[in-house]
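Single-letter residue listing:
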Amino acid sequence: MKKIVTVIAIAICVFFTTSFAVKDANEDVVESLVCQRTDVLSSYYAGHKGKEETISIIEKIETGLLKRNDIENIENYFQTDIDQVKGYTIKDIDITYEDDEMICANITIEWESESIMGNEKFIHCYSVICEKKDNTYKLAQFL
């Protein structure tokens, strides 16, 4: 009886440890893709990164409509008076769905921006979808 209880306890510990490790890995995927996207677009719009390099990075980390829209925006809004991201902090990542091909999450970001009206700090929650393409995750939605 004691052995059965010990085996069950070990099995439960392994299950929870594995579950948390997968969740942490998926949070890392979401955070990495969102940070890469934010950094490359912010650098481009501020004039610090070239168009071709920016598009190349976007094509590696995004897919679908998000990629098409971001590339279209890169073409249309270079060095305009849109708000410039001065800093950001990811406050929370909540994985809402995950399987072998997709990660869905809500992500909360605190932004520091500068516009022609001055500096602003605000917090916003986004719905994010990452899809696996060619054995790597790509950002498919950032709303």
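Look above for the structure.
Just so it is clear, the model here is predicted, and its values are computed rather than measured. (Residues numbered from 1 in each chain as written. Predicted model: local features only at pLDDT ≥ 70, side-chain atom pairs only at ≥ 80, totals over all residues. Heavy atoms only, no water.)

Draft legend 1. Region of interest: a negative patch on the surface. On the surface, Glu98, Asp99, Asp100 and Glu101 cluster together to form a negatively charged patch. By relative accessible area, Glu101 is classed as partly exposed at 48%. (Patch = residues over 30% accessible without salt bridge, like charges linked within 9 Å, V, L, I, M, F, W, Y side chains within 5 Å. Areas by Shrake-Rupley, 256 points an atom, 1.4 Å probe, with all protein chains shown as cover. Salt bridge = Lys/Arg side-chain N within 4 Å of Asp/Glu carboxyl O. Lys, Arg positive; Asp, Glu negative; His and termini not counted. Charge placed at Lys NZ, Arg CZ, Asp CG, Glu CD. Buried < 20%, exposed > 50% of the residue type's maximum accessible area, 1.4 Å probe, protein only.)

Draft legend 2. Representation of unusual backbone geometry. Of note in the backbone geometry, Asp134 takes a positive phi value of approximately 50 degrees without being a glycine. Counting through the fold element by element, Asp134 comes out in the loop between strand S3 (118–133) and strand S4 (136–142). We classify Asp134 as exposed; its relative accessible area is 77%. (Helix = DSSP H or I, 4+ residues; strand = E, 2+ residues; numbered from the N terminus.)

Draft legend 3. Quick look at the side chain of Glu62. In this structure, Glu62 sits in the loop between helix H2 (51–61) and helix H3 (64–76). Reaching out from Glu62, the side chain makes a polar contact with the side chain of Arg37 at a distance of 3.0 Å. At 3.5 Å, the side chain of Glu62 and the backbone nitrogen of Lys67 are in polar contact. Once residues within four sequence positions are removed from consideration, Glu62 is found in contact with Arg37, Lys67, Asp70, Lys138 and Leu139. (Polar contact = N/O pair within 3.5 Å; in protein donor to acceptor, adjacent residues only side chain to side chain. Contact = heavy atoms within 4.5 Å.)

Function cannot be read off these values alone, since they describe shape.
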